[in-house]
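# Topology and contacts: notes
The primary structure of each chain is shown beneath.
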Amino acid sequence: MESLFGNLDAATGQTDSFADIILPVPIPRMFTYSVPRELRPQLQIGSRVIVQFGRKKVLTGIIGKVHSTPPQAYDAKPILDLLDDQPSVNPMQIQFWSWMAEYYCCDLGEVMHAALPSGLRLSSESKIQLNPSFDPETSQYPLDPREEKVLEALENSKELSYADCEKVLELKTIHPIIKSLVAKEAILVFEKVQEKYSPKTVTRIRLVPELAADKHKLQEVFEQLSKSEKQESILLKYLREVPVLANPKSNEAGLDKSQLLNEGDSESSLKTLIKNGVFESFRELVNRISEVEATAGEIVLSPEQNVALDEIKTHFQEKQTVLLQGITGSGKTEMYVKLISEAIESGSQALLLLPEIALTTQIVARLKQVFGSKMGVYHSKYSDNERVEVWNGVIQGRFPFVVGVRSSLFLPFDSLGLIIVDEEHEASYKQFDPAPRFQARDSAIMLAYFHQAKTILGSATPSFESYSNARSGKYGHVVLNKRYGIAQLPLYHLASMSLDKRKNLLKLDTTRMLREKIQHALENNEQVLIFQNRRGYSPYIQCEACGWTGQCIQCDVSLTYHQFTSELRCHYCGYKEDVPSTCTSCGSGELKMMGMGTEQIEENLGLLFPEARIGRMDHDTTRSKHGYQRILDEFGLGHLDILVGTQMITKGLDFGRVTVVGVWDGDRILNFPDFRSNERAFQQITQVAGRAGRSEKRGEVIIQSRNTDQYIYEQIIKGDFDAFYVHEMHDRKKFFYPPFVKLLKITTRHQDYKTAEKAAHYLHEQMAGIHAKKIVLGPEKALIGKIKNQYQFESLIKLDRSGNTQSHFKKELRRILDQIKINSPFKAARFVIDVDPN
């Protein structure tokens, strides 16, 4: 690529060149730096650079623009260094970042921080070194013994980190000593910048070239080694593994050192052989992402799938986006494979988005068989280095197809042809904290627009927004309403917990029907899934004498009891404390566990079915990198009879022996203060029900409820999504909720209750004055009034969908917030904007 500055300088006659740099800071603009002459030939948009920000910070920035106009408000600092030979980010990504920052009301630097894997960002570490001009003999400042000890250590080492100083002094707090030495001009403090990503290498061993090429010299070496059995053994091992005598060129690749040295071999013997010129060692770069061969045969689609595939392609002739509404088990994944294969064969890239990491474990195994090493996987359970290798693999063309969660949207695609958003209705596609608080489904459609690519939205229970767009003709709409093969949709049963309680049939919160169905499945060597959307042992502990409940000291929520770790834990800030033996309010010992989480359900089922092997899948049991895979492997291999889980088990899992699905508490999903609660209940129950009966035997679904007469249960059992949608849309339209309006939620936070409340009301008054078609509700104390010692008030804005109402309101809102931060009594308050909140 030509220098970005060659033509520019010639055209303008300017000798100074400047670059606008995107920095990972929450400030709504780029920063202009001067470009040193020696860096100009290599500088390209999207390249990473090192710049100084403020007095001490050293940051990784991305070049967003180059020009010859110096900044007016400040003197441009020079770019310190260029990190890339080729850009790590392409112009299409910067365009996407800019759209995201504008639409989701955040800063470009916040998007950059979320987009770049941390391995591509620099880390700086404070170091100290001796001040060259310091002379202890002539210094007017006396040194204490600890300071002398630090200087003595620096005489033996050019530099020391703060951690090194702690070890030298055997102290945890060394900052006062460092500060004192700086004041006495004895040391200098500096930031040592280093890149986090480090390529993986292995040590390989090979014969020196002259021995590999000359059999006689090799024979002489054997004769010399006859007295050293260990050295001779290593040489023989090498010749067995590498056919040097038959093919001297095979020596070039050598042998992995770990392969050459068995447990009985001596590393010192190998070192001697290297020292004596028999072997040589060298380092080789290796991929952390292992190479996998594609082993699957041709995918055979059913007649219904072929018809649906043709319909999708027909829609794609006129529309960019198609909603594929396929019931659970209808074989949407097989259709995805066909479409992805066609995209790759045409020279385009493809992206498959999944809502949960849990989903990737099973679907990735299936897709690897089809696509082998052409497929990359990208999610947060990967290490920093692994994510950088996938990132670089996309740039280099190694991965034309990627499977991942919402962060995969930020990968450096340059020729996307297809994006598939599986389970597009899922709430986990929405990013909550930190910014950007984006909705991955909507962002995927916009990313596809930038690339002129096609988008498939797949779901058995679409979001109302997508379904509305499909009904209106904005999206293409394709329906698959038959399960793949001979599998049938499951039978539903409503089990009344209230009725069983009156008849004394309720045992450990399980109805007789659920117990009987589980027992029947166990007797027939079948498997059971139990869904409860609450982890932990019990939602909270309560004193039966005075009503006291354990509360988080930093948040306005009760602490969840976790029996396994014997602690009370806050699921919002992570605060935890030991379980009290008596009530901290009245001293009573009558503490009772209220409600039920997955941990307690697992225990109760163990009491009811002592012969069953029971596992649990929730956030607590899947913290490790391979936690999901381990549990799913155990269940898939039949080592578990019952799996209890949260929403992780509701989607995408495919196990042929699951014949019973139990929804532990249907009411809990419904009774939530949110306009989407009915929609979510329909989706979650239908999705988890779809895990049952995916082979020849028909599955059964038992929904436990205290109020079985609710209309939504009838709609779920009928599977009539269209009737349910029409019913819900009546209320949505009447009360102005999506998809009829656009929502913005603004949360005002401050550590002082009154300040937070006044700031929220002040912002409300300012927003009311914006000329736009809108409804401004609030401010009200948030459902959770305090998190991490910050009080919260919320305002909800309903914006008309037509014209430029949204962009105008957001622009004015940004202006108001900027004014509040600069000049108002509430500049210490924090205002969090959430566009399209879940």
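The structure displayed is predicted, hence computed values, not measured ones.

## Quick notes on the overall build of the protein
A tally of regular secondary structure across the protein gives 27 helices and 33 strands. Each of the three principal axes of the protein carries a C-alpha extent, and together these read 85 × 75 × 70 Å. Burial status across the protein gives 52% buried among its 838 residues. Excluding contacts between residues fewer than 6 apart, the proportion of contacts in the protein whose partners are at least 24 apart in sequence is 75%. Accessible surface, the protein: about 39,800 Å² in total, of which carbon and sulfur atoms supply 48%.

## Notes on unusual backbone geometry
The linkage connecting D433 with the following residue, P434, adopts the cis geometry, with an omega of -10°. Relative to the helices and strands, P434 resides in the loop between β16 (416-422) and α16 (440-451). Following A435, the chain continues to P436 via a peptide bond in cis, the omega torsion being 0°. Relative to the elements of secondary structure, P436 occurs in the loop between β16 and α16. Located in the positive-phi region is E170, a residue other than glycine, with phi close to 55°.

## Re helix α15 (residues 384-396)
Here α15 contains 13 residues, and its C-alpha end-to-end distance of 18 Å stays within 8% of the 18 Å for a straight helix at 1.5 Å per residue. Two residues or fewer past α15, G397 is found with a positive phi of approximately 85°.

## A word on the environment of G254
Considering the arrangement of structural elements, one finds G254 in the loop between α9 (229-241) and β10 (255-256). If near-sequence neighbours (up to four positions away) are discounted, G254 is found in contact with R204, I205, R206, Y238 and V242.

## Notes on the nonpolar core
As a rule of thumb, soluble globular proteins bury nonpolar side chains together. Ranked by size, the top nonpolar core spans 137 residues in total, and within it W97, F401 and I456 carry the most contacts. Every residue in contact with W97, bar those within four places of it in the chain, is listed here: I22, V89, L108, V111, M112, A115 and F410.

## Considering the pattern of salt bridges
Here the structure, examined in full by the defined rule, presents 31 salt bridges. In this structure, R814 and D107 form a salt bridge, with 3.1 Å as the shortest nitrogen-oxygen distance. With a gap of 707 residues between them, R814 in helix α27 (residues 805-822) and D107 in the loop between α2 (91-103) and α3 (108-115) connect regions that are remote in the sequence. For R814, a relative accessible area of 28% corresponds to the partly exposed category.

## Notes on helix α6 (residues 175-183)
Taken together, the buried positions of α6 are occupied by I177, I178 and L181. Viewed end-on, α6 has its buried residues packed into an arc of 100°, placing them on one side of the element. Among the exposed residues of α6, those pointing more than 90 degrees away from its buried face are P176, K179 and A183. With its phi angle positive at about 60°, E185 sits one or two positions after the end of α6.

## Considering the sheet that holds strand β12 (residues 321-326)
Pairing in this open sheet of seven strands is parallel, and the strands run β14-β15-β13-β16-β17-β12-β18 from one edge to the other. Taken across any chain shown, the strands that pair with only one partner, and hence form the sheet edges, are β14 (375-378) and β18 (476-480). Between one strand axis and the next, the sheet turns through 15° on average, direction left out of account. Examined bridge by bridge, strand β13 (residues 349-353) and β16 share five bridges and lie parallel to one another. Pairing of L352 across the sheet is with I420, part of β16.

## Re the packing of helix α26 (residues 753-768) against α27
Think of two packed helices as two axes; the pair is described by the angle between the axes and how far apart they sit. It is the contact of α26 with α27, at a shortest axis distance of 10 Å, that shows an interaxial angle of 140°. Here α27 runs oblique to α26, going by the angle between their axes. As α26 runs across α27, the sense of the crossing is right-handed. Of the residues in α27, those in contact with Y762, L763, Q766 and M767 of α26 are F809, L813, I816, L817 and I820. Of the residues that constitute the contact of α26 with α27, the class distribution is eight nonpolar, one polar and no charged.

## Some words on the sheet that holds strand β29 (residues 700-705)
Overall, parallel pairing links the six strands, which are arranged β19-β29-β28-β20-β27-β26 in an open sheet. Taken across any chain shown, the strands that pair with only one partner, and hence form the sheet edges, are β19 (491-496) and β26 (614-617). Averaged over neighbouring strand pairs, the angle between their axes works out to 20° when direction is ignored. Direction of pairing for β26 relative to strand β27 (residues 642-645): parallel, over a ladder of four bridges. Opposite G615, over in β27, you have L643 as the bridge partner. Its contacts with the sheet put helix α19 (residues 512-523) on β19, β20 (527-531), β27, β28 (658-663) and β29, and the angle it makes with β29 is roughly 155°.

## Thoughts on the side chain of S161
Along the polypeptide, S161 turns up in strand β7 (residues 160-161). If sequence neighbours within four positions are ignored, S161 has contacts with E125, S126 and K127.

## Observations regarding the packing of helix α17 (residues 464-472) against helix α25 (residues 721-734)
Two elements in contact, α17 and α25, have axes whose closest approach is 12 Å; the angle formed by their N-to-C orientations is 100°. It follows that α17 is roughly perpendicular to α25 by the angle criterion. Residue-level contacts link F464, Y467, S468 and R471 of α17 to F721, D722, F724, Y725, V726, E728, M729 and R732 of α25. Across the contact of α17 with α25, the residue classes tally to seven nonpolar, one polar and four charged.

## Re the packing of aromatic side chains
Applying the stated criterion to the full structure yields 24 aromatic pairs. Between Y238 and F279, the ring centres sit 5.2 Å apart and the planes meet at 65°, which makes this aromatic pair edge-to-face. Of the two residues, Y238 is situated in helix α9 and F279 in strand β11 (residues 279-286); the sequence distance between them amounts to 41 residues. Here Y238 and F279 have matching classes, each one buried. With 6.1 Å between their ring centres and 70° between their planes, F464 and F721 make a pair best called edge-to-face. Residue F464 is located in helix α17, and its partner F721 is located in helix α25; the two are separated by 257 residues in the primary sequence.

## With respect to a nonpolar patch on the surface
A surface patch of nonpolar side chains, amounting to about 240 Å² of accessible area, comprises F736, I775 and L777. Summarising the element assignment, I775 is placed in strand β31 (residues 774-787). Assessed through its relative accessible area of 30%, I775 is described here as partly exposed.

## A look at the confidence of the model for the protein
Low-pLDDT portions of the prediction should not be read for the details of their coordinates. The predicted model of the protein has a mean per-residue pLDDT of 87, with 93% of residues at 70 or higher. Predicted confidence in the protein is weakest over helix α1 (residues 6-12), with a mean pLDDT of 40, and strongest over α16, with 98. Here residues 1-15 is modelled with pLDDT under 50, and outside its nearest four sequence neighbours on either side it reaches 24 contacts, counting other chains as well.

## Structural notes on the side chain of S443
Within the element layout of this structure, S443 appears in helix α16. Under the relative-accessibility criterion, S443 is labelled buried at 0%. Once residues within four sequence positions are removed from consideration, S443 is found in contact with F96, W99, M100, Y104, L409 and F438.

## Concerning the state of the cysteines
Tallying each qualifying case throughout the model produces zero disulfides. In this structure C106 is not part of a disulfide, and its nearest cysteine sulfur, from C105, lies 7.9 Å away. Given a relative accessible area of 6%, C106 falls into the buried group.

What counts and what doesn't
- All residue numbers here refer to positions counted from 1 along the written sequence of the relevant chain.
- Predicted model: local features are reported for residues with pLDDT of at least 70 only, side-chain atom pairs are reported and counted for 80 or more only, and whole-chain, interface and lining totals are derived from all residues.
- Based on all heavy atoms of the structure, the side-chain values leave hydrogens and waters out of the count.
- Only DSSP runs of H or I with at least four residues qualify as helices, and only runs of E with at least two residues qualify as strands; both kinds are numbered from the N terminus onward.
- A 1.4 Å probe rolled over the protein chains alone gives each residue an accessible area, and that area as a share of the maximum for its type sets the label: buried under 20%, exposed over 50%, partly exposed in between.
- Any pair of residues with heavy atoms lying within 4.5 Å of one another is described as a contacting pair.
- A 1.4 Å probe and the Shrake-Rupley method give the accessible areas. Residues count as covered only by the protein chains that appear here.
- Any helix carries an expected span of 1.5 Å times its number of residues minus one.
- Definition used in this section: a nonpolar core is a set of buried Ala, Val, Leu, Ile, Met, Phe, Trp, Tyr and Cys residues joined via side-chain atoms within 4.5 Å.
- One side-chain nitrogen of Lys or Arg within 4 Å of one carboxyl oxygen of Asp or Glu is enough to make a salt bridge.
- Starting at the helix axis, one direction is taken to each C-beta atom, and the arc is that of these directions.
- Two strands qualify as a pair provided that DSSP identifies no fewer than 2 bridges between them.
- Here the axes come from fitting lines to C-alpha atoms, over the contacting stretch only for helices, and the angles between their N-to-C directions go from 0 to 180 degrees.
- Note on terminology: angles under 35 degrees are roughly parallel, angles over 145 are roughly antiparallel, angles of 65 to 115 are roughly perpendicular, and the others are oblique.
- Crossing handedness: left-handed means the near helix sits turned counterclockwise from the far one by under a right angle, and right-handed means the same turn made clockwise.
- Residue polarity is assigned by list, with Asp, Glu, Lys and Arg as charged and Ala, Val, Leu, Ile, Met, Phe, Trp, Tyr, Cys and Pro as nonpolar; anything else, Gly included, falls into the polar class.
- Only rings of Phe, Tyr and Trp enter the pairing, Trp through its six-membered ring, and a pair is recorded when the two centres are within 6.5 Å. The plane angle decides the type: under 30 degrees is stacked, over 60 is edge-to-face, the rest tilted.
- For patches, a residue must show more than 30% relative accessible area and have no salt bridge; joins then use 9 Å for like charges and 5 Å for nonpolar side chains, namely Val, Leu, Ile, Met, Phe, Trp and Tyr.
- Within a predicted model, pLDDT stands for the predictor's per-residue confidence, ranging from 0 to 100.
- Two cysteine sulfurs form a disulfide in these notes if their separation is within 2.5 Å.

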